[in-house]
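# Inside the fold
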Amino acid sequence: MRPHVELIDDRDLIDHFAEFEHATGNATQRHLSYDEEDGSASLKVRFDTDWSRPAGVHHAETEWYVLSGQVTIGDTVLGAEGFWMAPTGVLTPPISVTAGTEILLFREYGDWHFDLADSDREFVRPDQKLVILNSADMPWIDVKDGSPMRFDLGGTPVPGLYIKMLHRDEQTGFYSRLIKAKPGWREAPLAHHPCSEEAYCLDGGFDYNFGKMWPGTYFWRPALIRHGDFTADADQGCTWLVRSDSDLVDWYTDDATVTMSGTPTNWGPGYEQTLAPRFIEPVRSRSIGSWPDPTHQ
């Protein structure tokens, strides 16, 4: 159970003590979205002091994306745009982090627990490996040539989107990738798809049916929620970190709208000081403001 979050600005959120075990140092986290049943979460973490943790294995699939500062994992030093991912039970080498570093941390299918260890757990599949990347050194790939989106099953890509694939699970299709839209990129219909989707805006800006995105804004959207009428910033375009829990298949709807029906019994015209019910809306933070048109979904 993870609530539909769309949109929030991470600067509106409060700090919590970071959920790390067997670590030395202080860190705080902001909850972008959080599953209170299994501990899955998307977090923005700031390390207030130098921080370190020995080798071990996570109880959840765990990813870090470095926003600023420095993370050393094993023998690899990662700066801004560095990324690492460890499937559940895969050995993660010792990590050290410099004070002031900020990361995005994602957990899937489990909570924060971490066991000291020196090898993989027995249940780890042969294809599941630790991934360490410096995404700044990776080329941008035209979406038509490198995306897991199944355009053969629905939808046609609009030219002007580019990706860097960070990780994709061979069995489930769960992926993390960077997406960049060129300035003014536009896709008009609303779309829905059979997978969840989340995104954190890293650069530029973006306008769509749920509102506007700018650096630091975020959404987590369950499967089958319509969204779209995308327009990237005319001068800067937009860059996001995007994640979905399976391969993406877009199904499009023109002229999409929802209505609220029913016969008022003690409210409406003729009943003073009454108000109509409101449409169901996702979690939004104060900097995002009200949703201008919740019927456009």
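Overview of the structure. (Residues numbered from 1 in each chain as written. Predicted model: local features only at pLDDT ≥ 70, side-chain atom pairs only at ≥ 80, totals over all residues. Heavy atoms only, no water.)

Using the criterion set out here, one finds 19 salt bridges in the structure. Note that E6 and R221 form a salt bridge whose closest N and O atoms lie 2.5 Å from each other. Separated by 215 residues along the polypeptide, E6 in strand 1 (residues 5–9) and R221 in strand 22 (residues 217–221) bring together distant segments of the chain. Here R11 ties to D9 by a salt bridge, and the two come within 2.8 Å at their closest N and O atoms. The network of salt bridges with common partners includes R2, E63, E108, E198 and R243. (Salt bridge = Lys/Arg side-chain N within 4 Å of Asp/Glu carboxyl O. Helix = DSSP H or I, 4+ residues; strand = E, 2+ residues; numbered from the N terminus.)

On to the sheet that holds strand 9 (residues 76–78). Paired through their backbone hydrogen bonds, the strands of a sheet run either parallel or antiparallel. Strand order in this open sheet of 4 strands is 5-11-8-9, and the pairing throughout is antiparallel. Two strands in the sheet have a free side with no partner beyond their single neighbour: strand 5 (51–53) and strand 9. Taking each pair of neighbouring strands and ignoring which way they run, the sheet shows an average axis angle of 15°. Sheet topology note: the strand 5/strand 11 (residues 95–97) ladder contains 3 bridges and is antiparallel. Of the residues in strand 11, the one forming a bridge with R53 is I95. (Pairing = 2+ DSSP bridges. Axes fitted to C-alpha atoms, helices over the stretch in contact; angles between N-to-C directions.)

Turning to the sheet that holds strand 2 (residues 16–17), a few remarks are in order. Spatial strand order, 2-3-4-12-7-10-14: 7 strands in an open sheet with antiparallel pairing. The two strands at the open ends of the sheet, each matched to only one other strand, are strand 2 and strand 14 (131–134). Pairing of strand 3 (residues 27–34) with strand 4 (residues 41–47), which is carried by 7 bridges, proceeds in the antiparallel orientation. The partner of S33 across the bridge, within strand 4, is S42.

Moving on, we come to the side chain of K164. Here K164 shows up in strand 16 (residues 161–168). For K164, which is buried and forms no salt bridge, the nearest opposite charge comes from E81, at a distance of 4.6 Å. A distance of 2.8 Å separates a polar atom in the side chain of K164 from the backbone oxygen of S135. Here K164 is in contact with S135, A136, M138, P139, W140, R177 and L178, once residues within four sequence places are set aside. (Buried < 20%, exposed > 50% of the residue type's maximum accessible area, 1.4 Å probe, protein only. Lys, Arg positive; Asp, Glu negative; His and termini not counted. Polar contact = N/O pair within 3.5 Å; in protein donor to acceptor, adjacent residues only side chain to side chain. Contact = heavy atoms within 4.5 Å.)

With that out of the way, let us pick up unusual backbone geometry. With omega at 0°, the peptide bond leading from E6 into L7 counts as cis. Residue placement: L7 occurs in strand 1. Notably, Y109 is not glycine yet its phi reads approximately 65°, a positive angle. As for its placement among the helices and strands, Y109 is situated in the loop between strand 12 (102–108) and strand 13 (114–116). Not every positive phi belongs to a glycine, and L224 is a case in point at roughly 75°.

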